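Residues per chain, in single letters:
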Amino acid sequence: EHDNLHYLRGITSTRYYEYGIDFTFVVSMLSLHKNMKANPGIEYKIKNAAISESKLEMIVSEKHIKDAGKFGYVSTAVKITTNDLGTGSLNFVNVINVMQKDSTGFYLIPKKDSIVENSSLVINHNTKPENVFTALKDLDGILNTTDSFIEELNAVKTIKTPDELRVKILAKIQSPRSSFKSIKKLSDIFGRKIDNEVSNFKKLLEMCNKAEELNIEYDLKDKLRYIISDIILYGKHRDS
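Remember, predicted model here, so these are calculated numbers, not experimental data. (Residues numbered from 1 in each chain as written. Predicted model: local features only at pLDDT ≥ 70, side-chain atom pairs only at ≥ 80, totals over all residues. Heavy atoms only, no water.)

A. Region of interest: the packing of aromatic side chains. In this structure the tally under the stated criterion is two aromatic pairs. A centroid spacing of 6.1 Å and a plane angle of 65 degrees characterise the contact between phenylalanine 23 and phenylalanine 133, whose relative ring orientation is edge-to-face. One end of the pair, phenylalanine 23, is in helix H1 (residues 21–38); the other, phenylalanine 133, is in helix H2 (residues 129–136), and 110 residues separate them in sequence. Ring centres of phenylalanine 71 and phenylalanine 201 lie 5.2 Å apart, and the angle between their planes is 75 degrees; on these two criteria the pair is classed as edge-to-face. (Phe/Tyr/Trp six-rings, centres within 6.5 Å; stacked < 30°, edge-to-face > 60°. Helix = DSSP H or I, 4+ residues; strand = E, 2+ residues; numbered from the N terminus.)

What follows is the structure, encoded as structure tokens:
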């Protein structure tokens, strides 16, 4: 209500259950706390967060990192989202936090049914409240996956030509219909040629880290994460 006018935000049915921002934050923190209690030594840190009246998105990463060889250092992370207006009310997606020793890192989001496979848990708006906490028990399968990620990352073959991957990322962000074409700082990062050798894959990772550090709108940054993930892990951008 504003100035005696009433505004309608949405129409739902009796089969619609809104697991909103407050619910999502509380159950996420409780689930992570439960996982820490069951796995002594595991600690988590909220690395990224964005919030609006209808949406919450967080990336929570394990604090302790492990050596992943050519990928630098990695740790398990989980991307937690809720969107009152979307098809999935609660979403938990397993992602990889990749970093150099002194960096904040960036995130690789694997596809399903691929060499590097992620896990996810989706609780839809039509999930009854009594079934939500039963479903959340499956969250344990998304956490503490660093060792399996390292094994799968070592099987990635696309890094033979890191400069070709850089060029592909640059082409995606500079394409005529790209949402990123006006962000000069982003183009500048990937516009610097690197030697086309496996030994210089580290330079490509440093570029990705600089891109993650840019202060750009959150949905755009998430879209960029998918582009970088698909090109580094699979050599191309996913169609969907």
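B. Representation of the packing of helix H4 (residues 162–174) against helix H6 (residues 201–213) in the model. Between H4 and H6, the shortest axis-to-axis distance is 8 Å and the interhelical angle comes to 25 degrees. Relative to H6, the element H4 is oriented roughly parallel. In terms of crossing hand, the pair formed by H4 and H6 is left-handed. Facing H4, whose interface residues are Pro162, Leu165, Arg166 and Ile169, H6 presents Phe201, Leu204 and Met207. Its residues assigned to classes, the contact of H4 with H6 comprises six nonpolar, no polar and one charged. (Axes fitted to C-alpha atoms, helices over the stretch in contact; angles between N-to-C directions. Parallel < 35°, antiparallel > 145°, perpendicular 65-115°, else oblique. Left-handed = near helix turned anticlockwise from the far one by under 90°. Contact = heavy atoms within 4.5 Å. Nonpolar A, V, L, I, M, F, W, Y, C, P; charged D, E, K, R; others polar.)

C. Region of interest: H2. Buried residues of H2: Val132, Ala135 and Leu136, and no others. Burial along H2 is one-sided: seen end-on, the buried residues are contained in an arc of 95 degrees. (Buried < 20%, exposed > 50% of the residue type's maximum accessible area, 1.4 Å probe, protein only. Arc of directions from axis to C-beta.)

D. Structural detail: unusual backbone geometry. Phi angles above zero are rare outside glycine, and aspartate 3 is one such case at about 50 degrees. When its relative accessible area of 61% is taken as the criterion, aspartate 3 is described as exposed. Despite not being glycine, asparagine 4 shows a phi value in the positive range, around 65 degrees. Tracing the chain through its elements places asparagine 4 in the segment before H1. You can call asparagine 4 exposed: its relative accessible area is 71%.

These values are about where atoms sit, not about what they do.
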